[in-house]
Amino acid sequence: MRIRMVIMAVLVLSGAQAAAGIPVPHPGHPRLYVDSTDIPALRQRMASEGGVKIIERMRSLAQPRTPEEEVPVSERDFRYYFQMRGLTSKAELLALDYLTEGNAAAGREAVTSVLDSLKRTSYGKEKDLSRANGVMLMVGAIVYDWCYPLLTPGEKSEYVSQFIRISSLLECGYPFTFVESLAGHTCEWMIMRDMLSAAIAIYDEYPQMYRDVMDVITNRFVPGRNLFYSAGNHPQGSNYIPTRYSSEMFAQLILAKINGGEGIFSDDQKSVLYDIIYRMRPDGTLMPIGDDNPSRKRRVENYALPSMMASSFYKDPHLRWLYLKDSEVIAHSLLFDLLWNDDNLESRSPEDLPLTRWCPAPFGWMIARTGWDKNSVIAEMRITEQMVGNHQHLDGGSFQIWYKGSLAIDSGVYEGVNGGYLGDHCRNYSKRTIAHNSLLVIDPDEKFAYYKARPHKNKPARYASNDGGQRMTGPKGWDVAGSVAELYSDEYTVGKTLYHGFSDDFSYLKGNITKAYSDKVNLVERTFAFCNMHDDAVPAFLAVFDRVAAKNPSFRKCFLLHSIEKPETKDGGFVIRRTAGEENGMLTVSTILPEKVEMTVVGGPGREYEVAGVNWPNEIPGDPEAETGSWRVEVSPSVANGEDVFLNVIRISDAKADRNVKVKKADCGTHVAAVFGDRMVLFAKDAGMSDKVSRFRVNGERKLLVCDMAPGDYGIYRNGRRVSAAVVQDGGNAIEFSARKGEYEIKKSL
């Protein structure tokens, strides 16, 4: 009677989920990760050179740690168990032997040894360590599904009971008690890989787990991920893509196997890893974003797993190129390198890709490059429209520059003695605006409360440092957006892209980031104009134009630029070099506006991470190349005003290049221009868009970028004669053209 009721429940559930467009596990086994049609190809993969290496590595991991190997282990955290030493790797190999060769003895050994281990699995609910429970779920699901014909009815029942019990030990609980939708630990392996695997394995015996897991995936995870994917990026940054994006790829591949090759997420999913390609520096590491752990970003296996899965599933040759850059998959997912890696896929370098990449809302981020070789400039420009939080930083309007070394950097580091999540260095410095190349508006009385220290039992909240930067988002301060609807609420809205565009010569981006700050500001706008000079000696310039209006004229406004080495100030600007090892890049910064400024250099021993006179140090033991930064330049108006305009032009060159940079200002009536090399970049003097450019002079042949133009048809006049036309689209709002010496005027066509 009980069996009949279970079968009827399965049929009812299958019909309901199929009607809702949710894939339903097909009858029979295997159905987890592979099905019977995959076995011939799997055998071939195992016999290939790559497959043999994977199996050899798994066999090595299957050996228990020796007493000597245990000696240096100071903490058995989740990473200790993710290394898959002993039983977990051994069980995967035994189950694989039964799956591919029908070795019943191996299969039975896997069934009994894993069941015995499952009964003793209890790593608690501590946030990080509870992930070790998930590994046991995954391995148990593999054995259950692949060795299903060898299970007795009693063993099936015990496996189901243990899967339910162990799931309850995960941070999300089961039945679910805590699930984050857009960011957080529950958006990682535990649901999208571990519980989903167990749920598919035991679907015939206990369909409720699958229904519960799919409810979370389809209603909590899919909407936000598809939003991010449509914009070609991920809000959790370079250090967390290997975990969170990989988890999303697991759900995609697992469900595609039971759904005729169709995954649960949008196919735009593959676009996320293109951000990693564009961040790839010639030295093989990445230009960081968000919480970044330098020692991990240099480990070869970090991006191997997501790029292997995405390239193989989407048959994408550029992602295959990324995978082959660092192709050693991390231990806890090594089996999937054997199951899913498409060794026949073509690899294609990124040299045929555009040099500029744009990621629209909810991001508003751009990366511009001058090429893909060792002499390439990489410049990142960020507006940020919606703030998810968690491992995202308060860095709206910031930029980074790499050329023959890290020059304009994100300062601080998510690692070390005080740098972990919400540690002193983290909450007071590295996550904050002051650690980025952005803008400060310093209200000395502003308070920055954060949710981990909100008022509790009549005790006042503690506050993070007053860095003068952007507000902590969310109703409690430094919250994580809980849904797409909440992400687009006022609490998490921090900016708006006003326009953007790019060509062979220019990449430009303007945004309003007023909402990133508290009510201490009336207006904050930033415009970037990256100029590819197509010149080996001076390959690029970056012009940064800011309009900042404070509610109180006494609030100090600061343009920030961070560096690893000490800046050298000079009349009207400063110079930053990178001279470590073979690195020899240089930035020469010319401050055109305001005309009278104060330049303050902050940094050096005891002041590396200073905020309002207090240093928030962070030791990175054994990692002298962490690139955490030690210096910054603060550029502020000499005279207090309600509104100020900044125009800083950054020349990017080799450190040996001539430092007598001539960057000039030109008054163009409605616009102000920066003139350098063969370029001229114009910005509107007043807020908003302009429908004309007053008469201005061009001395010699130049390429022009005219920003802040209202949509419409325009005529370009030289010496009083119309010489060309331009059409400005809303969202583009700029005009590019080449000019010869003469008097110019731009007027809207009648």
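Coordinates for the structure precede this section.
Fair warning: this is a prediction, and the values are worked out from it, not measured in the lab. (Residues numbered from 1 in each chain as written. Predicted model: local features only at pLDDT ≥ 70, side-chain atom pairs only at ≥ 80, totals over all residues. Heavy atoms only, no water.)

Contact pair helix H8 (residues 131-146) / helix H10 (residues 189-201): the axes reach a minimum separation of 8 Å and the direction vectors enclose 25°. When the interaxial angle is binned, H8 and H10 end up roughly parallel. When the axes of H8 and H10 are compared, the crossing they make is left-handed. Along the contact surface, H8 presents Gly134, Val135, Leu137, Met138, Ala141, Tyr144 and Asp145, while H10 presents Arg193, Asp194, Met195, Ser197, Ala198 and Ala201. Of the residues that constitute the contact of H8 with H10, the class distribution is 8 nonpolar, 2 polar and 3 charged. (Axes fitted to C-alpha atoms, helices over the stretch in contact; angles between N-to-C directions. Helix = DSSP H or I, 4+ residues; strand = E, 2+ residues; numbered from the N terminus. Parallel < 35°, antiparallel > 145°, perpendicular 65-115°, else oblique. Left-handed = near helix turned anticlockwise from the far one by under 90°. Contact = heavy atoms within 4.5 Å. Nonpolar A, V, L, I, M, F, W, Y, C, P; charged D, E, K, R; others polar.)

What the rule picks out here adds up to 26 aromatic pairs. Measuring from centroid to centroid gives 5.7 Å for Tyr144 and Tyr148, while their planes differ by 65°, and the two rings are edge-to-face. Each member of the pair, Tyr144 together with Tyr148, is buried. One aromatic cluster is present, built from ring pairs that chain together Tyr33, Trp189, Phe250, Phe336 and Trp340. The cationic tip of Arg193 hangs over the ring face of Phe250; the distance from NZ or CZ to the ring centre is 5.4 Å. The side chain of Arg432 reaches across the aromatic face of Phe448, ending 4.6 Å from its centre. (Phe/Tyr/Trp six-rings, centres within 6.5 Å; stacked < 30°, edge-to-face > 60°. Buried < 20%, exposed > 50% of the residue type's maximum accessible area, 1.4 Å probe, protein only. Lys NZ or Arg CZ within 6 Å of the ring centre and 35° of its normal.)

Another point: the sheet that holds strand E25 (residues 692-698). Hydrogen bonding along the main chain pairs the strands of a sheet, whether they run parallel or antiparallel. Taken in spatial order, the 4 strands make up an open sheet running E25-E30-E27-E28, and their pairing is antiparallel. Two strands lie at the open edges of the sheet, namely E25 and strand E28 (721-728), each paired on one side alone. Put simply, the sheet's adjacent strands are angled 20° from each other on average, direction ignored. (Pairing = 2+ DSSP bridges.)

Counted at 1.5 Å a residue, the expected span for H8 with its 16 residues is 22 Å, and the 23 Å between its end C-alpha atoms agrees. Judged by how many residues are buried, H8 sits mostly within the fold: 16 of 16 residues are covered. (Expected span 1.5 Å × (residues − 1).)

All we've got here are geometric facts, nothing functional implied.
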